[in-house]
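# Overview (structure and organization)
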Amino acid sequence: MTKTSSYTLLNYAVGIFFLTTPLESVSLLDNFSLAKLSSIFVLGAWLFSGMKVKKSRVLLSYLTLLLSALASALWSINTTNTIIATFLFLLPTVVVSAAALASVNEEKHLRFYLICYVIGCLVVCASCLVNMEMMMKSMEEADRVTTMEQNENVLAYLLDVGISIVLYFLKKEEKIMFEIVEWILLLFFSFVLLATGSRMGGVILAVILLFYLSSVRKKHQLIILFLSALVGVACMLPFLSENIIGRFGQTGELIGNGDFSQRGNLWSMAWNAFFFENTAFGVGYGNYKEFIQIYYSTVYASHNTYLSYIIEFGFVGCVVPISVLAVISVYVVKIVRMTKDVYALAFFIPLLMAMFVLETSHNRWLFIIGVMIYAWYKLLKMREVYNEGC
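Quick summary incoming for the structure in this document. (Residues numbered from 1 in each chain as written. Predicted model: local features only at pLDDT ≥ 70, side-chain atom pairs only at ≥ 80, totals over all residues. Heavy atoms only, no water.)

## With respect to helix α2 (residues 34–48)
Here α2 contains 15 residues, and its C-alpha end-to-end distance of 21 Å stays within 8% of the 21 Å for a straight helix at 1.5 Å per residue. Listed in full, the buried residues belonging to α2 are L34, A35, S38, S39, V42, A45 and W46. End-on view of α2: buried residues confined to an arc of 145°, all on one side of the axis. Of the residues in α2, the exposed ones pointing more than 90 degrees away from the buried face are L47 and F48. Just past α2, the residue G50 takes up positive phi, approximately 100°. (Helix = DSSP H or I, 4+ residues; strand = E, 2+ residues; numbered from the N terminus. Expected span 1.5 Å × (residues − 1). Buried < 20%, exposed > 50% of the residue type's maximum accessible area, 1.4 Å probe, protein only. Arc of directions from axis to C-beta.)

Below, the structure is given as structure tokens:
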């Protein structure tokens, strides 16, 4: 395999993009977030590096989604909303995805991006602890914790991704000092995640741990994980409010009755109103809230990305965003077969779960996970070809 001596400007720019993803809600100016600034860095570095593109089915699916969103402006209930959402979010994100895919030439590049993401999670968690300390001083008991204007469920999912990355490193780690650091990060991220009171985040964390348990080959890590869980729970409980503990206790009941914390009612309202619209091609990309306001004189998020896809793209048009997920899933399966390890699912399944209870169509998550999965697959393929040639 060809080795390069250093990282390029584009590698560092993409690293910043990954680092700022856990901080995506931080606003620098009105309607200008840290996430958008990091995208500008990537675009600039990509232009400077010659705008190289590596063709892939993942990138093609992103481009198809972009064109489909743009085409929906023709029948959109609010053309301005659709054009703004397409050109200010979807287009830059697809371009950044192309740049990120083009930047990965070695395993160290992908590892660098994952480390940057973990650093971003560390910054967020440190900020959460400061907020938690202030809450405890003023209220004597900290309630649900968040920071930087992040929604608790959004923050929980972002930390879930950070935890899945740390566990991935832990599975492969050979140096004891790094392994100790990774265990500390795992406990730290898990504590902050639980402190958000996000039931969704807690369920996803359990799923990630199950994938880890089913794939880890180092027996001592299983023992450490069991002991860490016991000690961690004992140490965390005194700092979690009764409200948070009670929320997690309600998880099974909410899933069992299909209510999902009253989201079911919101989904039903949107679903019933949708049949008065263009069911084949939807109300246009970026118009979910506009659609709700027309029928119910109020505004709320869909709390379900799949529902957003159906309402914005219609029963026919939603094939496009669903096909993006299908393409990524193909590479996940290929990675599982090539590595004989199910842990790749720990990155993809949590995304599918989060999309069921959160509105993610205007977040970079689908694109980041797609870039990670495809880059991982290509690196494995390169290694396979190299080993066959030796």
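## Some details on the environment of V342
Its location among the elements puts V342 in the loop between α15 (319–339) and α16 (345–357). Separated by 126 residues in the primary sequence, V342 and V216 place their C-alpha atoms 9.7 Å from one another. Setting aside anything within four residues of it in sequence, one finds V342 in contact with F211, S214, S215 and V336. (Contact = heavy atoms within 4.5 Å.)

## Re the side chain of S61
Checked against the element boundaries, S61 lands in helix α3 (residues 57–71). Take S61: its relative accessible area is 7%, and that puts it in the buried class.

## With respect to the nonpolar core
Counting 115 residues, the largest nonpolar core has F18, Y157 and Y343 as the members making the most contacts within it. If we skip the residues at most four places from it in the chain, Y157 touches M200, I204, P350, L351, A354, W365 and I369. (Core = buried A, V, L, I, M, F, W, Y, C linked by side-chain atoms within 4.5 Å.)

## Regarding α16
For α16, with 13 residues, the first-to-last C-alpha span of 19 Å sits near the 18 Å given by 1.5 Å per residue. Within α16, burial applies to A346, F347, F348, P350, L351, A354, M355 and V357.

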